[in-house]
Amino acid sequence: MVVVSGHLEATGTTDDAMSTSDAEDELIEPATPTPSNAAFSLEDKVHPLQLPEVIPLNVGGMCFTTRLSTLLRYEDTMLAAMFSGRHYIPTDADGRYFIDRDGTCFGDILNFLRCGDLPSQERVKMVYKEAQYYSIGPLLDSLDKLQPLTGEKVRQAFLDLMPYYKDHLERIIDIGKHRAIQRKARFAKLKVCVFKEEMPITPYECPQFNALRFERSESESKHFEHHCEVDVSFGPWEAVADVYDLLHCIVTDLSERGISVEHQCIGVCDKHLINHYYCKRPIYEFKITWW
């Protein structure tokens, strides 16, 4: 029988002692957070950051200075959320709070938050876009009542009558580009039909149009269904706005995309339909200049 005494357990070589110490060091666990440390971490999470009353801003490289209360004017905005103290905001080398956004219209945003001032008419659309980004509802409501946004809503109500309007615009651009490239030309021409009434109208039909419209049989009406020999066709629609109003919309929307376009009426569709009826829809020549 082997008896191991406590004295022998306590004794050992120097190397053994060092090995035991090293092993203990390797097994040491991180210290448990003290109550004071835990309280400090909890306090950071509960209490928001303390921001200065005067806020220096860098918006896309443009510098602004405003009061914190100005940015917090409307609580449901993106700016109010950013500067609530609950979120981290990066700063630039000069300590200004940085917003990665074009600052061109930010002065208009601040002026509205400060005293309700609205931008000039030529800046309304740009400011509206920024107000959407920052989710400033009161500014959006105010801008909606100004030109050109009010007029744009009226115009869009008219264009909504033509569900393929945007598709037709794209077709005009695609055809014009293809022809210019194909012919190595500076400009391209294409034919566009714009007609308001679905039924053909001749001069002597106008006074009796409403009656003729309902007297035509279904078999006769099918003869009036055809496609004019043009590149793009707009219509028909039922509204007070006429052909010239739609032409204005087409030219305006193409111009906003940087496309220079001219148009002129070159005649009417002379396709014979039935009896003494001909199509008579107006045909316009569009000339797109590319450079």
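As a reminder, the structure under discussion sits directly above these lines.
All values derive from a computational prediction rather than experimental measurement. (Residues numbered from 1 in each chain as written. Predicted model: local features only at pLDDT ≥ 70, side-chain atom pairs only at ≥ 80, totals over all residues. Heavy atoms only, no water.)

(A) Seen up close, the sheet that holds strand E3 (residues 97–99). Taken in spatial order, the three strands make up an open sheet running E2-E1-E3, and their pairing is mixed. In the strand order of this sheet, the two ends are held by strand E2 (62–67) and E3, each with one partner. The average angle at which neighbouring strand axes cross in this sheet is 30°, direction not considered. Looking at chain direction, strand E1 (residues 54–59) and E3 are connected through three bridges and run parallel. Paired with Leu 57 across the bridge in E3 is Tyr 97. Packing against the sheet, helix H6 (residues 106–115) makes contact with E1, E2 and E3, and its axis sits at approximately 10° to E2. (Pairing = 2+ DSSP bridges. Helix = DSSP H or I, 4+ residues; strand = E, 2+ residues; numbered from the N terminus. Axes fitted to C-alpha atoms, helices over the stretch in contact; angles between N-to-C directions. Contact = heavy atoms within 4.5 Å.)

(B) Here's a closer look at the nonpolar core. Formed by 29 residues in total, the largest nonpolar core has its most connected members in Leu 57, Leu 79, Phe 83, Phe 106 and Ile 109. For this core, the element with the highest residue contribution is H6, accounting for five residues. Those residues in contact with Leu 57, other than ones at most four positions away along the chain, are Met 62, Cys 63, Phe 64, Thr 66, Leu 71, Phe 83, Arg 96, Tyr 97 and Phe 106. The next biggest cluster of nonpolar side chains, apart from the first, holds 27 residues, and it includes Val 194, Ala 241, Leu 254 and Tyr 284. (Core = buried A, V, L, I, M, F, W, Y, C linked by side-chain atoms within 4.5 Å. Buried < 20%, exposed > 50% of the residue type's maximum accessible area, 1.4 Å probe, protein only.)

(C) Geometry of unusual backbone geometry. In this chain, Gln 147 is followed by Pro 148 through a cis amide linkage whose omega measures 10°. With respect to the secondary-structure elements, Pro 148 resides in the loop between helix H8 (137–144) and helix H9 (149–159). Here the amide bond leading from Gly 235 into Pro 236 is cis, since omega sits at 0°, within 30 degrees of zero. Tracing the sequence through the fold places Pro 236 in the loop between strand E5 (232–234) and helix H13 (243–256).

(D) Summary view of the side chain of Glu 285. The residue Glu 285 is located in strand E9 (residues 282–289) in this model. Although Glu 285 is buried, it forms no salt bridge, and the closest oppositely charged side chain is Lys 189 at an N-O distance of 4.1 Å. Not counting the four nearest positions on each side in its chain, Glu 285 is found in contact with Lys 189, Leu 190, Glu 262, His 263, Gln 264 and Ile 266. (Lys, Arg positive; Asp, Glu negative; His and termini not counted. Salt bridge = Lys/Arg side-chain N within 4 Å of Asp/Glu carboxyl O.)

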